[in-house]
Amino acid sequence: MLKIGVIGCGFIGGQICRAIDSGAFDAELYALFDSSQSKALKLTASLKRYSPAYMRIEELLQSVDLVIESASQNAVRLIVPQALEAGRDVMVLSVGALADEELREKLFRLAEQNNCKLYFPSGAIVGIDGINSASASEISSVTLTTRKPPLNLAGAPHIEALGIELEKIEKETLLFEGPASEAVKAFPANVNVAATISLAGIGFDRTKVKVVADPSLSRNVHEITVEGKFGKFFTRVENVPSPENPKTSYLAALSAISTLKKILSPVQIGT
Ligand SMILES: NC(=O)C1=CN([C@@H]2O[C@H](COP(=O)(O)OP(=O)(O)OC[C@H]3O[C@@H](n4cnc5c(N)ncnc54)[C@H](OP(=O)(O)O)[C@@H]3O)[C@@H](O)[C@H]2O)C=CC1
Ligand SMILES: O=C([O-])CC(=O)C(=O)O
């Protein structure tokens, strides 16, 4: 059985743990880590089948087969290189960290050198399958427009730096427009999806991102437009936000669970 260690026990980590705990996978939830030990212990106490140990990172990396990062971009920088050096496969949710070219190249090099897999789930968007297919030929443009209820953007460096008063936004307002490389730094907990799109498609500098605060919304909406030799496609998803962390959409957790299913399955559907 595949032994799994989850780093980050918030909304996505919790959903992944509960899915494994349901017994639906040929996998064992073996270890947890979170910067808040009490959060990890509370999660363990809520499980029925498994009782994952709370471990120091070094111990966790020596004990599991697959590491799932569902913590933060900082955790990717600190922990994922060590995980790959230890020969572990890694699923990364805080994909925005890979906008850093040096880190990205390091992770890809370590994965190759150590014969490890790096998995980036589709997250809160639909259309990564199409971008993957289209990228087998030429893609000319990719645009992501993310619309969220204003308060779901709270705490983002862009909002803090510009002193934007989110609670005073009364109509649809464009807050950011620029390349994915800048978007993921401006909104590290809101547009990791821009990084996933960049990795699948035409890179962080050519992928265009708009972030819009819209007080008429109750859902996190992501629209993607892709043009290339294949033609053109447009996707739009209206995501139910997590009640625990409304920046994050429920679909992001489901995509991680689905990626785990794909890893364990002999049958692979979709690109
Ligand atoms: N790829 C995608 O499509 C999506 C990606 N995400 C990203 O996935 C990640 C998880 O999201 P979500 O579950 O909603 O987040 P939560 O905030 O609910 O949970 C994250 C947990 O990880 C902890 N944590 C943060 N940094 C570290 C660290 N360095 N080491 C150990 N624990 C850490 C946090 O602790 P504390 O609260 O103390 O910081 C928190 O308990 C986030 O980075 C989020 O931005 C989210 C949605 C979509
Ligand atoms: O969950 C979402 O809607 C998207 C998100 O937060 C991210 O990509 O970081």
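Computed from a predicted model, the values in this text were never measured in an experiment.

Scanning the protein chain from terminus to terminus reveals 10 helices and 11 strands. Relative to the globule expectation of 18 Å for 271 residues, the C-alpha radius of gyration of the protein chain, 18 Å, shows essentially globular dimensions. Overall, the C-alpha framework of the protein chain stretches about 45 × 45 × 35 Å when taken along its three principal axes. If you take every contact in the protein chain between residues at least 6 apart in sequence, the share linking residues at least 24 apart comes to 70%. Per element, the accessible surface of the protein chain, about 12800 Å² overall, is 49% carbon and sulfur.

Bringing the site of ligand 2 into the picture now. Surveying the vicinity of ligand 2 reveals the residues Ala124, Lys148, Ala189, Asn190, Val191, Asn192, Val193, Asn220, His222, Lys247, Thr248 and Ser249. Backbone polar atom of asparagine 190 to an oxygen atom of ligand 2: 3.5 Å apart, as the coordinates give it. Valine 193 is positioned with one of its backbone polar atoms (N or O) 2.9 Å from an oxygen atom of ligand 2. Look at ligand 2: alone it shows 270 Å² of surface, and the protein chains cover 94% of it.

Attention now moves to the pairing of strand E11 (residues 231-239). If a strand is regular, its side chains alternate between the two faces of the sheet. Strand direction decides the pairing type here: strand E10 (residues 220-228) and E11, joined by nine bridges, are antiparallel. The residue bridging histidine 222 from the neighbouring strand is valine 237, located in E11. The turn linking E10 back onto E11 is made up of two residues.

This part takes up the site of ligand 1. Taken together, 25 residues form the shell around ligand 1, and within it Ile12, Asp34, Ser72, Ser94 and Thr248 come nearest. Serine 35 has a polar backbone atom sitting 3.0 Å from a nitrogen atom of ligand 1. A distance of 2.6 Å separates an oxygen atom of ligand 1 from a polar side-chain atom of serine 94. The protein chains hide 80% of the 920 Å² of surface that ligand 1 would expose on its own. Every element with two or more residues in the shell around ligand 1 is listed here: helix H1 (11-21) and helix H9 (192-200). Split into classes, the residues belonging to the shell around ligand 1 amount to 13 nonpolar, 10 polar and two charged. Looking at which domains feed residues into the shell around ligand 1, each of domain 1 (2-124 + 251-264) and domain 2 (128-238) supplies at least three.

Right, let's talk about the nonpolar core for a bit. Among the nonpolar cores identified, the biggest contains 86 residues, and Ile20, Leu84, Ile131 and Phe187 are the most heavily contacted of them. Counting the residues that make up this core, at least three belong to each of domain 1 (2-124 + 251-264) and domain 2 (128-238). In this structure phenylalanine 187 touches Leu153, Ala156, His158, Ile159, Phe176 and Val211, once residues within four positions along its chain are discounted.

This part is about the sheet that holds E11. Ordered in space as E8-E9-E7-E10-E11, the five strands form an open sheet in which the pairing is mixed. Edge strands, defined here as strands with exactly one partner in the open sheet, are strand E8 (173-179) and E11. In this sheet, adjacent strand axes meet at a mean angle of 10° when their direction is disregarded. Taken together, the seven bridges between strand E7 (residues 139-148) and strand E9 (residues 207-213) define a ladder with parallel strand orientation. Bridging across to E9, arginine 147 finds its partner in valine 212.

Another point: the environment of serine 198. Mapped onto the elements of the fold, serine 198 is located in helix H9. Between the C-alpha atoms of serine 198 and isoleucine 128, which are 70 residues apart in sequence, the distance is 9.9 Å. Sequence-distant contacts of serine 198, that is, excluding residues within four places in its chain, are made with Ala180, Gly203, Phe204 and Thr207. Among the polar contacts listed, one links the side chain of serine 198 to the backbone oxygen of alanine 194, at a separation of 2.7 Å.

The rules behind each value
- Each chain carries its own residue numbering, running from 1 in the written order of its sequence.
- Chains and ligands are labelled by the order in which they are written, letters from A for the one and numbers from 1 for the other.
- Selection of residues for local features in this predicted model requires a pLDDT of at least 70, selection of side-chain atom pairs for listing and counting requires 80 or more, and totals for whole chains, interfaces and linings are taken over all residues.
- In computing side-chain values, all of the structure's heavy atoms are included and hydrogens and water are not.
- We count a stretch as a helix when DSSP gives it H or I for four or more residues in a row; a strand needs E for two or more, and each element gets its number in order from the N terminus.
- The atom set for the radius of gyration is the C-alpha atoms, and the globule formula is 2.2 Å times the number of residues raised to the power 0.38.
- Note on contacts: a residue pair is in contact if any heavy atoms of the two residues lie within 4.5 Å.
- Areas reported here follow the Shrake-Rupley algorithm with a probe of radius 1.4 Å; residue values treat only the protein chains shown as occluding.
- The rule for a residue being near a molecule or strand is that one of its heavy atoms must lie within 4 Å of it.
- Counted as a polar contact is a pair of N or O atoms within 3.5 Å, where, for protein atoms, one must be capable of donating a hydrogen and the other of accepting one, and residues adjacent in sequence contribute only when both atoms are in side chains.
- Only when DSSP finds a minimum of two bridges between them are two strands counted as paired.
- For this classification, the nonpolar set comprises Ala, Val, Leu, Ile, Met, Phe, Trp, Tyr, Cys and Pro, the charged set comprises Asp, Glu, Lys and Arg, and every other residue, Gly included, is treated as polar.
- As annotated, the domain borders come from an automatic or database domain assignment.
- For the purposes of this section, nonpolar cores are sets of buried Ala, Val, Leu, Ile, Met, Phe, Trp, Tyr and Cys residues that join through side-chain atoms within 4.5 Å.
- Classification of residues uses two cut-offs on accessible area relative to the type maximum, computed with a 1.4 Å probe and protein chains only: under 20% is buried, over 50% is exposed, and between them is partly exposed.
- Note on geometry: axes are lines fitted to C-alpha atoms, helical ones only across the stretch in contact, with angles between N-to-C directions running from 0 to 180 degrees.

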